[in-house]
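Commentary on secondary and tertiary structure
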Amino acid sequence: MERSVKYHYDPKWKRTHRCGELGGADTGRNVTIAGWVKKVREFGDLTFLDLWDRTGLIQLVVEASQPSLHRLFVSLRAEDVIACRGTVKKRPPEMVNLKMATGEVEIVVEEIEIFNRSEVPPFNVSDQIKASDDLRLRYRYLDLRRDKMQRNLELRHRLALETRNFLSRQGFLEIETPMLVKRTPEGARDYLVPSRLQPGKFYALPQSPQLYKQILMVAGFDRYFQLARCLRDEDLRADRQPEHTQIDIEMSFVTEEEVFAVTESLIKELFYGEADKGRRDPFPRIDYEQAMSRYGSDKPDLRFELEISDCSKLFAESGFEAFASAVRQGGVVRGISFPPGTAFSNNQIKKLEKQVKSAGAKGLATVKVDETGLSSPLDKFLGGDEMDRILSFFEAGTGNPSLLLLVAGSRESVEKSLGDLRLYLGRTYLLKGRNDEFKFLWVNRFPLFLPVEGGGWEPAHHIFSMPLEEDIPFLDQDPGRVRGHLYDLVCNGTELGSGSIRIHRRELQEKLFKIIGMDQAAAERKFGFLLRAFEFGGPPHGGIALGLDRLAMIIGGESSIRDYIAFPKTQSAASLMEEAPSEVEEEILRELHIRIEKEEG
């Protein structure tokens, strides 16, 4: 029978080993281990129990000739917490499990201590889980016991450790920046924290350490890094959470190329480690305009080629009026040549048309050419010479079968729709069996400003980025033409990080503030501390921030960063386990000088 309940951990049950550490070399040893019950099974006169902890799983065995131990064994169920003492012995040859690290041994149990019994879990704690995401998050402590989640968080730990070690070797200092900061506009909404001691005033939680790391450059810490917690009150997606961790890097007296070199070395170490012997070539670079024109995206997936081609000139005087008028009105005609598409059915092509329309295109024109000849709705609008020129442009013909997919309209709508279509075709038909392939790319020279509806300008990324030298003359006359020393690192169609060379002179920073409609008084109120710092010898500087959660997600081959964050939020930014956010007592609100007004209606 089970002994009386003990609430304190008896040091006599101190572990000699963890579950996954035992092997053939330990045969004959008397050991003490502890962990969670995975399952119990009876087999003739023997009863087996699988016990696990973070290091792995070990098999325990007790004979029916030990009635008290046997009764205790069969009373246990999954997720009970126990310790056992026993002797390691080799399994019979027919029972060796080569799939387990401990599969050649088992522990013959001599004594068991039960620390805690578990209720029946709301789902099966295994990698073959069928529970909903909400149920997993509500019982996150059970979800995190699954082998896959244990491996995911171990991977994240290794990436963080390797990052710290690598950057430290490169002469960077890890410096923490505040979590309670001055609210400054950075593109997403801030989480606000009321000040009890200064009624009516608020801190913000940092969206990034951007301004502090620039201040550190002024202070002379020429190589800084931090695994920074960042909080943004924004709509969530698979690769976004309201709080995330970024590898934040800043350097003084550097160019883009030097930022690229340090970042690439770090990335290669994290992705490839010792296998990085043949991966010393720089990542390819492409400017924003080229990326949008050739791939329809500023974060293209390069694991497949499938480039978009501009064929506007072919249709400028075309008999197909829908395309000709689009070109006359300043739009474009672009297309993709997709050889596997010659096998598509009419229903598959209709699905592609529906997809481009959902992305903003007016329609999709197709030309299919294979050994049987040519088939296209455009055939009745175009002369033979016109069609021949189109086929020649795309290098398609009876000897080179392909499906041409053409879209016309404004440049923005064509880029968006064909970019989405390219991604769908590539990932659906060209990437099978290539999940462990990584293709990196730098996208740079982004526009510095975007037009605001109704007039005016807003920063495309953030307002602290240095304009290209040759574009500075356009700041006064045509800000839309100004490109910045802005760059994104992309892997497999996912943005891993963003950065820029920063402004380090007050007068230029104030000029950019003025372009976005921020007068001198507002600039002083919001960013005066940064502007003043620049007056005391601000050095040229730049940096980058890489998403640690996204890095782990891509290296681990998953599609959501939630599987690499211990306690993530839902799509509505709620934490189901502890039911946060929650209401606060009225007396606390009074102390903070906050009154909640309920919306009418």
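Note: the structure precedes this text.
Predicted, not measured: the structure shown is a model, and the values here were computed from it. (Residues numbered from 1 in each chain as written. Predicted model: local features only at pLDDT ≥ 70, side-chain atom pairs only at ≥ 80, totals over all residues. Heavy atoms only, no water.)

Taking strand neighbours across the sheet as the criterion, the eight strands line up as 6-9-10-22-21-20-17-11 in an open arrangement whose pairing is mixed. Looking at strand neighbours, the two that pair on one side only are strand 6 (173-174) and strand 11 (285-287), the edges of this open sheet. Where strand 9 (residues 223-231) meets strand 10 (residues 243-252), nine bridges bridge the pair, whose relative direction is antiparallel. Paired with R229 across the strands is T245, a residue of strand 10. Packed on one face of the sheet, helix 6 (residues 256-272) meets strand 9, strand 10, strand 11, strand 17 (440-444), strand 20 (486-491), strand 21 (494-501) and strand 22 (541-547) and runs near 155 degrees to strand 17. (Pairing = 2+ DSSP bridges. Helix = DSSP H or I, 4+ residues; strand = E, 2+ residues; numbered from the N terminus. Contact = heavy atoms within 4.5 Å. Axes fitted to C-alpha atoms, helices over the stretch in contact; angles between N-to-C directions.)

Let us now look at the packing of helix 7 (residues 288-295) against helix 12 (residues 411-430). With their axes 8 Å apart at the nearest point, helix 7 and helix 12 run at an angle of 65 degrees to one another. Residues E289, M292, S293 and Y295 of helix 7 pack against R411, E415, G419 and R422 of helix 12. Class assignment for the residues of the contact of helix 7 with helix 12 results in two nonpolar, two polar and four charged. (Nonpolar A, V, L, I, M, F, W, Y, C, P; charged D, E, K, R; others polar.)

The set of residues buried in helix 7 consists of Y288, A291, M292 and Y295. Along the axis of helix 7, the buried positions cluster into a sector of 105 degrees, meaning they face one direction only. Its buried side turned inward, helix 7 meets strand 11, strand 13 (332-338), helix 12 and strand 17. Here helix 7 starts with a cap whose side-chain oxygen sits 3.2 Å from the backbone nitrogen of E289, and that cap is D287. Just past helix 7, the residue G296 takes up positive phi, approximately 65 degrees. (Buried < 20%, exposed > 50% of the residue type's maximum accessible area, 1.4 Å probe, protein only. Arc of directions from axis to C-beta. Polar contact = N/O pair within 3.5 Å; in protein donor to acceptor, adjacent residues only side chain to side chain.)

Turning to the pairing of strand 22, a few remarks are in order. Counting buried positions over the seven residues of strand 22 gives seven, a clear majority of the element. Residues H541, G543, A545 and G547 of strand 22 are buried on one face, and the alternating residues G542, I544 and L546, pointing to the opposite face, are buried as well. Across seven bridges, the pairing between strand 10 and strand 22 is antiparallel. Directly across from D248, in strand 22, lies its bridge partner A545. Pairing geometry for strand 21 and strand 22, over five bridges, is antiparallel. Bridge assignment links G499 to a residue of strand 22, and that residue is I544.

The next point concerns helix 1 (residues 67-75). All buried positions along helix 1 are accounted for by L69, H70, L72 and F73. The buried residues of helix 1 occupy an angular sector of 165 degrees when projected down its axis, which confines them to one face. Taken together, the buried residues of helix 1 touch strand 1 (30-43), strand 2 (46-53), strand 3 (56-63) and strand 5 (105-116).

Grouped together as the largest cluster of nonpolar side chains are 71 residues, with contacts concentrated most on I247, I249, I267, F271, F440 and L496. For this core, the leading source of residues is helix 6, giving eight residues. Look past the residues within four positions of F271 in its chain and what remains in contact with it is F438, F440, C491, L496, L551, I554 and I555. In this structure, V37, L60, V62 and L69 belong to the second largest nonpolar core, which totals 22 residues. (Core = buried A, V, L, I, M, F, W, Y, C linked by side-chain atoms within 4.5 Å.)

With seven of eight residues buried, strand 2 lies mostly within the body of the structure. As judged from the seven bridges shared by strand 1 and strand 2, these two strands associate in the antiparallel manner. The residue bridging E42 from the neighbouring strand is T47, located in strand 2. Connecting strand 1 to the antiparallel partner strand 2 that follows it, the hairpin turn spans two residues, and G44 within it adopts a positive phi of roughly 65 degrees.

This part covers the environment of E535. Within the element layout of this structure, E535 appears in the loop between helix 15 (520-534) and strand 22. Separated by 29 residues in the primary sequence, E535 and R506 have C-alpha atoms spaced 6.7 Å apart.

With that settled, the discussion passes to the state of the cysteines. Counted by the stated rule, this structure contains zero disulfides. Unpaired in terms of disulfides, C84 finds its nearest cysteine sulfur in C19, a separation of 8.1 Å. (Disulfide = S-S within 2.5 Å.)

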